[in-house]
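The primary structure of each chain is shown beneath.
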Amino acid sequence: MKIKKDMKLFSRRNCWRCKSPCLIVRSRPGGFMTRNCVSCGQPDYVHAEDFPELECSSCGNAIVVDKDYLGNYIGVCRKCRKEWKLADLVPSWEEVGFPEHPIAAWPFF
């Protein structure tokens, strides 16, 4: 999938509760992201390995998912050196219509 604004990224892992697919969404301002179940709405922490394969919109090279100095996920093209803050490219949990489920924003994720 080419990287672009308003992407719907589905996690590689399903919901731990009901085993349905999870959509990666912006959970809080500043870049914190979660993966929310499309069936039950249950949020869970996102890890780098949850992101699907992404391609650079400029050169088509594979995007590497990394973290910036604040701990937010970024997509990096190693070929043309472009970077994207991934939270800016996905919808918020409110835009998608997920119910509010508080989840702690740990600095370790």
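The sections below set out a description of the structure shown in this document. All figures in this text were calculated on a predicted structure; none of them were measured in a lab.

### What to know about the pairing of strand β6 (residues 73-77)
- Extensive coverage of β6 is indicated by the burial of five of its five residues.
- Residues Y73, G75 and C77 of β6 are buried on one face, and the alternating residues I74 and V76, pointing to the opposite face, are buried as well.
- Pairing between strand β5 (residues 63-67) and β6: five bridges, direction antiparallel. Paired with V65 across the two strands is G75, which belongs to β6.
- The hairpin turn running from β5 into β6, its antiparallel successor, is five residues long, and G71 in that turn takes a positive phi close to 90 degrees.

### Thoughts on the side chain of S27
- Take S27: it is sitting in the loop between β2 (22-26) and β3 (33-37).
- A relative accessible area of 16% means that S27 is categorised as buried.
- Those residues in contact with S27 that sit more than four places away from it in its chain are F32, M33, T34, W93 and I103.

### Remarks on the pairing of β2
- When you tally the buried positions in β2, you get four out of five residues, the bulk of the element.
- Two strands pair when backbone bridges link them, and strand β1 (residues 9-10) and β2 are joined in this way by two bridges, in the antiparallel orientation. In the strand pairing of β2, L9 is matched with I24.
- Where β2 meets β3, five bridges bridge the pair, whose relative direction is antiparallel. From the neighbouring strand, L23 faces β3, where its bridge partner is N36.
- Hairpin connection between β2 and β3: a loop of six residues separates the two successive antiparallel strands, and G30 in this loop has a positive phi of roughly 105 degrees.

### Examining the pattern of salt bridges
- Throughout the structure, instances matching the rule amount to five salt bridges.
- Linking D50 and R13 is a salt bridge whose minimum nitrogen-to-oxygen distance equals 2.6 Å. On the criterion of sequence distance, the pair formed by D50 in the loop between β4 (43-45) and β5 and R13 in the loop between β1 and β2 is long-range, its members being 37 residues apart.
- In this structure, the salt-bridge partner of R35 is D44, at a minimum N-O distance of 3.0 Å.

### With respect to the nonpolar core
- Counting 18 residues, the largest nonpolar core has M33, F51 and L86 as its most contacted members.
- Mapped onto this core, the elements with two or more residues apiece are β5 and β6.
- In contact with M33, not counting residues within four places along its chain, are I24, V25, R26, S27, V46, F51, Y73, L86, A87 and V90.

### Considering the sheet that holds strand β7 (residues 83-85)
- Reading across the sheet, the three strands line up as β5-β6-β7 and stay open at both edges, with antiparallel pairing between neighbours. The strands lining the two open edges of the sheet, one partner per strand, are β5 and β7. In this sheet, neighbouring strand axes are inclined to one another by 30 degrees on average, regardless of whether the strands run parallel or antiparallel.
- Summarising the sheet, β6 and β7 pair through three bridges and their orientation is antiparallel. For V76, the partnering residue across the bridge sits in β7 and is E83.

Analysis parameters
- Residues numbered from 1 in each chain as written.
- Predicted model: local features only at pLDDT ≥ 70, side-chain atom pairs only at ≥ 80, totals over all residues.
- Heavy atoms only, no water.
- Buried < 20%, exposed > 50% of the residue type's maximum accessible area, 1.4 Å probe, protein only.
- Helix = DSSP H or I, 4+ residues; strand = E, 2+ residues; numbered from the N terminus.
- Pairing = 2+ DSSP bridges.
- Contact = heavy atoms within 4.5 Å.
- Salt bridge = Lys/Arg side-chain N within 4 Å of Asp/Glu carboxyl O.
- Core = buried A, V, L, I, M, F, W, Y, C linked by side-chain atoms within 4.5 Å.
- Axes fitted to C-alpha atoms, helices over the stretch in contact; angles between N-to-C directions.

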